[in-house]
Amino acid sequence: MSRLSGTFADRLRTTRMAQALSQVALAELAGMKSSQLSRYEAGHMVPRERVLFDLAAALGVRPEWLLNGTGPRTTSRDVQAVPRPLRVATSALPAGGTEISLVLYDDLRTVFMERAQRQGLTLDAFIRNALLELAKEPVDEKLELAREIKALIDAGAV
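So, here's what we can say about the structure. (Residues numbered from 1 in each chain as written. Predicted model: local features only at pLDDT ≥ 70, side-chain atom pairs only at ≥ 80, totals over all residues. Heavy atoms only, no water.)

## Comments concerning the packing of helix α1 (residues 8–18) against helix α3 (residues 34–41)
The line we're drawing: Only the contacting stretch of a helix is used when fitting its axis, a line to C-alpha atoms as for every element, and angles between N-to-C directions run 0 to 180 degrees. For helices the rule is a DSSP run of H or I covering at least 4 residues; for strands it is a run of E covering at least 2, with both sets numbered from the N terminus onward. Geometric relationships in this document are graded by angle, where less than 35 degrees denotes roughly parallel, more than 145 denotes roughly antiparallel, 65 to 115 denotes roughly perpendicular, and other angles denote oblique. Contacts between residues were defined by any pair of non-hydrogen atoms, one from each residue, lying within 4.5 Å. Under the convention adopted here, Pro, Cys and the residues Ala, Val, Leu, Ile, Met, Phe, Trp and Tyr are nonpolar, Asp, Glu, Lys and Arg are charged, and Gly plus all remaining residues are polar.
Direction vectors running N to C along α1 and α3 enclose 125°, while the axes themselves pass 8 Å from each other. Between α1 and α3, the angle falls in the class oblique. Here α1 contributes F8, A9, L12, R13 and R16 to the contact with α3, which in turn contributes L37, Y40 and E41. Across the contact of α1 with α3, the residue classes break down as five nonpolar, no polar and three charged.

In structure tokens form, the structure reads like this:
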């Protein structure tokens, strides 16, 4: 199959890399196999509309920008159209351990950024510290914390 002209593949790859997502993590967030994503990034295929929307949502960009580079890259209206403020994907690493990828949509990202800044931390450091603290909690408290976070997300508070 010949390489498609245009820069959809380049926008997809550079946006994924700018967000420090592996192909496996983005594929999981978008609900597809990593081999399918690899074909898109190689320029061998262009996704159908539903898949394009899933990729755009996972990356936090507008589908028409991702596909053909037209229009604004993102808008605040698009974030509100996304039903979840947080997406999480996990994948096993070949050498052991688990890769965890988080996609924070603008509202939740803003909350985390404000809290990170209050502590004088980067967003990455804040999230890493929060996960390490969570790992220290007794199992019963972890479950209660998970319930509280889910209730906040369901209520739209975060």
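## Looking at the packing of α1 against helix α4 (residues 49–59)
Helix packing for two helices is described by the angle between their axes and how far apart those axes are. The condition that has to hold: It is the rotation of the near helix from the far one that decides the hand of a crossing: anticlockwise by less than a right angle makes it left-handed, clockwise makes it right-handed.
At a minimum axis separation of 10 Å, α1 and α4 run at an interaxial angle of 30°. Of the two elements, α1 crosses α4, and the hand of that crossing is left-handed. Seen from α1, the contacting residues are F8, L12, T15 and R16; seen from α4, they are L52, L55 and L59. Counted by class, the contact of α1 with α4 contains five nonpolar, one polar and one charged residues.

## What about the side chain of R16?
As for its placement among the helices and strands, R16 is situated in helix α1. Apart from the residues within four sequence positions on either side, R16 is in contact with L21, S22, Q23, L26, L37, E41 and L59.

## Looking at unusual backbone geometry
Phi is positive for A20, close to 55°, though the residue is something other than glycine. Position of A20 among the secondary structure elements: in the loop between α1 and α2 (23–30).

## Focus: helix α8 (residues 123–136)
Owing to its 3.6 residues per turn, the α-helix aligns residues three or four sequence positions apart on the same side. Threshold: To estimate the expected span of a helix, subtract one from its residue number and multiply by 1.5 Å. Burial classes: relative accessible area under 20% of the type maximum marks a residue as buried, over 50% as exposed, and values in between as partly exposed (1.4 Å probe, protein chains only).
Helix length check: α8, at 14 residues, gives a terminal C-alpha distance of 20 Å against a target of 20 Å (1.5 Å per residue), a fit within 8%. Residues of α8 that are buried: L123, A125, F126 and I127.

## Quick look at the environment of E99
Stated precisely, the cut-off is as follows: The term polar contact refers here to a pair of N or O atoms within 3.5 Å; inside protein, the definition further demands a hydrogen-donor-capable atom paired with an acceptor-capable atom, and it admits residues adjacent in sequence only when both atoms are side-chain atoms.
Residue position: E99 is located in strand β2 (residues 98–104). In this structure E99 comes out as partly exposed when scored by relative accessible area, which is 23%. Through-space distance from the C-alpha of E99 to that of V24 is 9.4 Å; in sequence the pair is 75 residues apart. A polar atom in the side chain of E99 sits 2.9 Å from the side chain of S22.

## Examining the side chain of S101
Relative to the helices and strands, S101 is located in strand β2. Residue S101 is classed as buried on the basis of its relative accessible area of 5%. In this view, S101 contacts L21, A25, R87, V88 and A89; residues no more than four positions away in its chain are not counted.

## As for the pairing of strand β1 (residues 86–92)
In plain terms, the rule: Between any two strands, pairing holds if DSSP finds at least two bridges.
Only one face of β1 is covered, namely the one carrying R87, A89 and S91; the face carrying L86, V88, T90 and A92 has none of its residues buried. For β1 and β2, the ladder comprises seven bridges, and the chain directions are antiparallel. Each bridged residue has a counterpart across the sheet, and for R87 the counterpart in β2 is V103.

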